[in-house]
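Each chain, written out:
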Amino acid sequence: MSAVVIAQDVIKQQLPARRRLPAFRHLATLLGALIVGAALLVAIFAPYLTPHDPFAQDLNLRLIPPVWMDGSQPTHLLGTDQIGRDYLSRLIYGARISMLIGVLTVITSGVIGITLGVIGGFYGGRTDDVVMFLITCRLSIPLILVALTVVALVGSSLAVVILTLGLLLWDRFAVVARTTTMQVRNLDYIAAAQAAGASRLHILVREVLPNIANHLVVVATLEMALAILLEAALSFLGLGVPPPLPSWGLMIAEAKEYMFFSPWVIMTPGVVLFVLVLGINLLGDGLRDLLGADLRR
Amino acid sequence: MRPLVPDPVLSVANLRVSFGQTEAVRGMSLAVARGETHCMVGESGCGKSVSALSVMNLLPRGINRTADHIRFQGQDLLGMSERQMARLRGDKIAMIFQEPMTSLNPAYTIGSQMSEVFERHRRAARSQAMDRAAELLARVGITAPGMRLGQYPHQLSGGLRQRVMIAMALMCDPELLIADEPTTALDVTVQAQILRLLQKLQQELGLALLLITHDLGVVARMAQRLSVMYAGEVVETGTVAEVFAAPTHPYTRGLLDCIPVPGKTQTGEPLGNIPGVVPRIPPGFVGCGFRDRCTLATPECAESVPLRDAGGDHCYLCRLPPDWKRATAA
């Protein structure tokens, strides 16, 4: 009897929390989607949104503070940088570079990682050993170090950064694709498809892939956030996107000498970078929950 | 065993399947004629499903399959390339699996999965394939087939899914349908419906149906011919009438004793059982695979076992004479 009462109490205590959690999650996902969507739109329509040319210098208007501070100018909403370029315009073009790097890196690494992972997970045996070996090799490569070396050797350009990151960030795709494929491989519908005369390629692409896609979408968001952060880090170190391209990482690097007297020059790109990465991660978390629920049906 | 079926759609001779230190199938032979239902009966682990998968050449890698021949409509499947086999699968030979809940891909609609088979083998357009799918859904007794085509597997009950699987198997007018325990995962009333449906379709379409089951009740109602499998061997085969009238192999008798018979089995009276489990057969095993569980086993059973004729198509694999039941009773 008392056990029942206690159980009821526990249920009563837990219920409101349980109800609140999905709503909060929902909100966070929505927020993430909004941030990512906004960044995408800004990146795509950058030329129409920028009030100034992001490359135009004006040495008379150096380090103007943003509008909410003293000494600001209404034409430069977020002020100007150390050589008088409009900061808002540079941030908007920076979104372009970040999103480009994020998306293209995810596509490159996704193609490599998913192909390897699905093949290894599906065929097993020797094939899987080879895939596992490749994954282990990749994991033992220090990412930043190799990226730095490559960029130092080949020279820095946007394409080099994208390729380097794309060729290095596939491990998580491969690991997740491999394990999820192993789970799906033994399900009856794969056997049924074989019994219906489907080819190997058909089974991998049409039967396995759609059923592991939800996991891969989550990995894609994580990798995208990671790629954007890595690009910023490389650019900060002076080995990423070459100046005068307005990468956020580069903007932070260029601003660090002025941070004591004009802290906004380093804070603005920092905040934007933080918000975008946060948005992507929130979206990824939300997608995992949403698609996970989809699987449970 | 010698197949006595004239002009069979499928004939398998001396099939052997082994993996590692286990002989899963040891010299299995059977033949299925057009318009006939052939049941393979036996406990779990007797090699029924493995035999069926061997015919389709769908065994996992690392498993050895040998046979004198596996002939389908006169063609030997043994020498076929994977590509040729893939062309037959789902077209001339179709298969239905045990678990309707997991046999459909959750990522696609029913219609898309059904029409895919047809498009692949018939090079047909999607609209044509969809028409065919709707027609077959109606045929397997699904109301509102047009609506079902657009639904996903999770929106369907187990019985409906198995009907969809059957319809899907029939998309390309197969000659041979292999059904691997198609009703085991369903509840009893649905089981009866599905069996009735399979029987009806088999008769209407003149299919050769190879039905795998462990339920002798299903055999009695569906099959013309049966093969009782034990430990990778066909221990008794014949027409259903012959075998049910005079079950001769001790294993077959044991299986039949496990079934309650209305009017004969008394309330409270224990049902028969066969103690023990199906043994794992190592390579080089000689003698009767059933001897460890057989109440009539003698030292002789460890030697090679003769194939005995019990009249008609009925034969069995045991040292006992066909009339041993009467002999022991007397």
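### Some words on the overall build of chain B
Point 1. For chain B, the helix and strand inventory stands at 11 helices and 13 strands.
Point 2. The C-alpha radius of gyration of chain B comes to 21 Å, within 12% of the 20 Å expected for a compact globule of 330 residues.
Point 3. Along the three orthogonal principal directions, the C-alpha set of chain B runs to about 65 × 50 × 35 Å.
Point 4. Long-range pairs, those at least 24 residues apart, make up 65% of the contacts in chain B between residues at least 6 apart in sequence.

### Some words on unusual backbone geometry
Residue and element names in this part refer to chain B.
Point 1. The residue asparagine 14 is not glycine, and still its phi comes out positive at about 55°.
Point 2. Of note, asparagine 14 is situated in strand 1 (residues 10-19).
Point 3. When the 15 C-beta atoms within 10 Å are taken as the criterion, asparagine 14 is described as partly exposed.
Point 4. Even without being a glycine, glutamine 73 presents a positive backbone phi close to 50°.
Point 5. Counting through the fold element by element, glutamine 73 comes out in the loop between strand 5 (69-72) and strand 6 (75-76).

### Focus: the sheet that holds strand 11 (residues 233-239) of chain B
The strands making up a sheet associate through hydrogen bonds between their backbones, and the pairing can be parallel or antiparallel.
Residues and elements named next belong to chain B.
Point 1. Strand order in the open sheet made by the 8 strands is 7-8-9-3-10-11-13-12, with mixed pairing throughout. A strand with exactly one partner marks an edge of an open sheet, and here the two such strands are strand 7 (93-96) and strand 12 (307-309). Neighbour to neighbour, the strand axes of the sheet diverge by 15° on average, direction disregarded.
Point 2. Pairing of strand 3 (residues 37-41) with strand 10 (residues 225-230) involves 4 bridges; the strand directions are parallel. Across the sheet, methionine 40 pairs through a bridge with serine 227, a residue of strand 10.

### Looking at the domain arrangement of chain B
All names here are of chain B.
Point 1. Under the domain assignment, chain B is made up of domain 1 (10-92 + 172-329) and domain 2 (107-170).
Point 2. The distance between the C-alpha centroids of domain 1 and domain 2 comes to 30 Å.
Point 3. Each side of the interface is counted separately: domain 1 has 15 residues, and domain 2 has 13 residues.
Point 4. Counting residues per element, the side of domain 1 that touches domain 2 draws most heavily on helix 7 (residues 188-205), at 6 residues.
Point 5. Tallied by class, residues from the side of domain 1 that touches domain 2 come to 11 nonpolar, 2 polar and 2 charged.

### Here we look at the packing of helix 3 (residues 87-123) of chain A against helix 6 (residues 158-168) of chain A
All names here are of chain A.
Point 1. Look at helix 3 against helix 6: their axes get within 8 Å of each other, and the N-to-C directions meet at 40°. Looking at the two axes, helix 3 sits oblique to helix 6. Note that helix 3 runs across helix 6; the crossing there is right-handed. On helix 6, the residues that touch Ile97, Ile101, Leu104, Thr105, Thr108 and Ser109 of helix 3 are Leu158, Val161, Ile162, Leu165, Gly166 and Leu167.
Point 2. Classifying every residue of the contact of helix 3 with helix 6 by side-chain character gives 8 nonpolar, 4 polar and no charged.

### Quick notes on the nonpolar core
Point 1. Residues B:Leu10 and B:Leu176 are the most contacted members of the largest nonpolar core, which totals 169 residues.
Point 2. The biggest single contributor to this core is helix 3 of chain A, with 16 residues.
Point 3. Both of domain 1 (10-92 + 172-329) and domain 2 (107-170) of chain B provide at least three residues apiece to this core.

### Looking at the pairing of strand 1 of chain B
Each regular strand shows side chains that alternate between the opposite faces of the sheet.
All names here are of chain B.
Point 1. Pairing of strand 1 with strand 2 (residues 22-32), which is carried by 8 bridges, proceeds in the antiparallel orientation. Bridge pairing links valine 12 to leucine 30 in strand 2.
Point 2. The hairpin formed by strand 1 and strand 2 contains 2 residues between the paired strands, and glycine 20 there has a positive phi angle of roughly 55°.
Point 3. Here 4 bridges tie strand 1 to strand 5, and the two strands are oriented antiparallel to one another. Paired with valine 12 across the two strands is isoleucine 70, which belongs to strand 5.

### What about the interface of chain A and chain B?
Point 1. In this assembly, 14 residues from chain A lie in contact with 20 residues from chain B.
Point 2. Elements with a minimum of two residues in the side of chain A that touches chain B: helix 8 (188-195) and helix 9 (200-236) of chain A.
Point 3. With 6 residues, the single largest contributor to the side of chain A that touches chain B is helix 8 of chain A.
Point 4. A per-class count over the side of chain A that touches chain B returns 7 nonpolar, 4 polar and 3 charged.

### Some words on the environment of A:Ala192
Point 1. Structurally, A:Ala192 can be placed in helix 8.
Point 2. If near-sequence neighbours (up to four positions away) are discounted, A:Ala192 is found in contact with B:Phe97 and B:Ser103.

About the criteria used
- Residues numbered from 1 in each chain as written.
- Chains lettered and ligands numbered in written order.
- Predicted model: local features only at pLDDT ≥ 70, side-chain atom pairs only at ≥ 80, totals over all residues.
- Helix = DSSP H or I, 4+ residues; strand = E, 2+ residues; numbered from the N terminus.
- Rg over C-alpha atoms; globule rule 2.2 N^0.38 Å.
- Contact = placed C-beta atoms within 7 Å.
- Buried ≥ 20, exposed ≤ 12 C-beta atoms within 10 Å, placed from the backbone.
- Pairing = 2+ DSSP bridges.
- Axes fitted to C-alpha atoms, helices over the stretch in contact; angles between N-to-C directions.
- Domains from an automatic or database assignment.
- Nonpolar A, V, L, I, M, F, W, Y, C, P; charged D, E, K, R; others polar.
- Parallel < 35°, antiparallel > 145°, perpendicular 65-115°, else oblique.
- Left-handed = near helix turned anticlockwise from the far one by under 90°.
- Core = buried A, V, L, I, M, F, W, Y, C linked by C-beta atoms within 7 Å.

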